[in-house]
Amino acid sequence: MNVRIRKYADKELVLEIEGEDHTLANLLAKSALSNPHTRLATYVIEHPLIGTPVLRIVTDGTDPLQVLKEVVSNARGEAEQVLKTVSRALNMEE
């Protein structure tokens with residue numbers, strides 16, 4: 001995965017996420033919407049053959065990179081919780 005920063009300003013962050021698709025971009029955009037400082041979070045895949053998502057986060061003035069860090073941290077925690085739950089369920093079935 002390569003990330004190219006298209007825009008980084010006080011209230012806005014626009015990233016191009018090469019090597020990824022709707023899965024990661026949708027997770028990041030939807031998770032960013034749950035952050036109270038987020039005013040807009042969306043992504044677009046500008047060309048269907050290239051398939052590189054462009055993620056845009058606009059905030060209320062909070063550093064958008066900080067919002068992205070929180071989003072990634074929260075998503076990681078949720079993924080770890082899913083793994084723990086699945087592992088427990090598999091151990092119960094043995």
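Predicted model only: the values in this text are computed from it and were never measured. Sequence positions are assigned chain by chain, starting from 1 and proceeding in written order. Side-chain atom pairs in this predicted model are given and counted only at pLDDT of 80 or more, local residue features only at pLDDT of at least 70, and totals for whole chains, interfaces and linings cover all residues. As a rule here, side-chain values come from all non-hydrogen atoms in the structure, and water together with hydrogens is ignored.

**What about the pairing of strand β1 (residues 2–8)?**
Now for step 1: Paired strands, in this sense, are two strands between which DSSP finds at least two bridges. Only DSSP runs of H or I with at least four residues qualify as helices, and only runs of E with at least two residues qualify as strands; both kinds are numbered from the N terminus onward. Here six bridges tie β1 to strand β2 (residues 12–18), and the two strands are oriented antiparallel to one another. Of the residues in β2, the one forming a bridge with lysine 7 is valine 14.
Now for step 2: Connecting the antiparallel pair β1 and β2 is a turn made up of three residues.

**Observations regarding the confidence of the model for the chain**
Now for step 1: The pLDDT value tells you how sure the predictor is about a given residue, anywhere from 0 up to 100. Residue-level pLDDT values for the chain average 94, and 97% of them are 70 or greater.
Now for step 2: Taken element by element, the chain is modelled with least confidence in helix α2 (residues 64–93), mean pLDDT 91, and with most confidence in strand β4 (residues 53–59), mean pLDDT 98.

**Digging into the nonpolar core**
Taken as a class, soluble globular proteins show a tendency for nonpolar side chains to be buried jointly.
Now for step 1: Here the nonpolar core consists of buried residues drawn from Ala, Val, Leu, Ile, Met, Phe, Trp, Tyr and Cys, with membership extended through side-chain atoms lying within 4.5 Å. Working definition: with a 1.4 Å probe on protein chains only, accessible area under 20% of the residue-type maximum means buried, over 50% means exposed, and in between means partly exposed. Core analysis: the biggest nonpolar cluster contains twelve residues, these being Leu13, Leu15, Ile17, Leu28, Ala29, Ala32, Ala41, Leu55, Ile57, Val67, Leu68 and Val71.
Now for step 2: Listed by contribution, the elements that provide at least two residues to this core are β2, α1 (22–33), β4 and α2.
Now for step 3: Contacts are assigned to residue pairs that have any heavy atoms within 4.5 Å of one another. Non-local contacts of alanine 29, meaning those with residues more than four positions away in its chain, are made with Ala41, Thr42, Tyr43 and Leu55.

**Considering the side chain of asparagine 35**
Now for step 1: Relative to the assigned elements, asparagine 35 resides in the loop between α1 and β3 (38–45).
Now for step 2: Among the polar contacts made by the side chain of asparagine 35, one reaches the side chain of glutamate 70 at a distance of 2.9 Å.
Now for step 3: Not counting residues up to four positions away in its chain, the partners in contact with asparagine 35 are Val67 and Glu70. Counting of polar contacts relies on pairs of N or O atoms within 3.5 Å, with two restrictions inside protein: one atom must be capable of donating a hydrogen and the other of accepting it, and residues adjacent in sequence are counted only when both atoms are side-chain atoms.

**Topic: a nonpolar patch on the surface**
Now for step 1: To count toward a patch, a residue needs a relative accessible area above 30% and no salt bridge. Like charges then connect within 9 Å, nonpolar side chains (Val, Leu, Ile, Met, Phe, Trp, Tyr) within 5 Å. Where accessible areas are quoted, they stem from the Shrake-Rupley method and a 1.4 Å probe; at the residue level, only the protein chains shown are allowed to cover. Every case where a carboxyl oxygen of Asp or Glu lies within 4 Å of a side-chain nitrogen of Lys or Arg is listed as a salt bridge. Together, Met1, Val3, Ile5, Tyr8 and Leu65 give the surface a local cluster of nonpolar side chains, amounting to about 500 Å² of exposed area.
Now for step 2: Looking at the nonpolar patch, the element that brings in the most residues is β1, giving three residues.
Now for step 3: Note that tyrosine 8 resides in strand β1.
Now for step 4: Overall, the relative accessible area of 45% leaves tyrosine 8 in the partly exposed class.

**Details of the sheet that holds β1**
Paired through their backbone hydrogen bonds, the strands of a sheet run either parallel or antiparallel.
Now for step 1: The strand order across the open sheet formed by four strands is β1-β2-β4-β3, and the pairing between neighbours is antiparallel. The open sheet is flanked by β1 and β3, the only strands paired with a single partner. Mean inter-strand twist for the sheet, computed between neighbouring axes without regard to direction, equals 15°.
Now for step 2: Where β3 lies against β4, seven bridges are found, and the strand directions are antiparallel. For threonine 42, the partnering residue across the bridge sits in β4 and is arginine 56.
Now for step 3: α1 rests against β2, β3 and β4 of the sheet, and its axis sits at about 170° to β3. Angular values range over 0 to 180 degrees, each being the angle between N-to-C directions of two axes fitted as lines to C-alpha atoms, with helices fitted over their stretch in contact.

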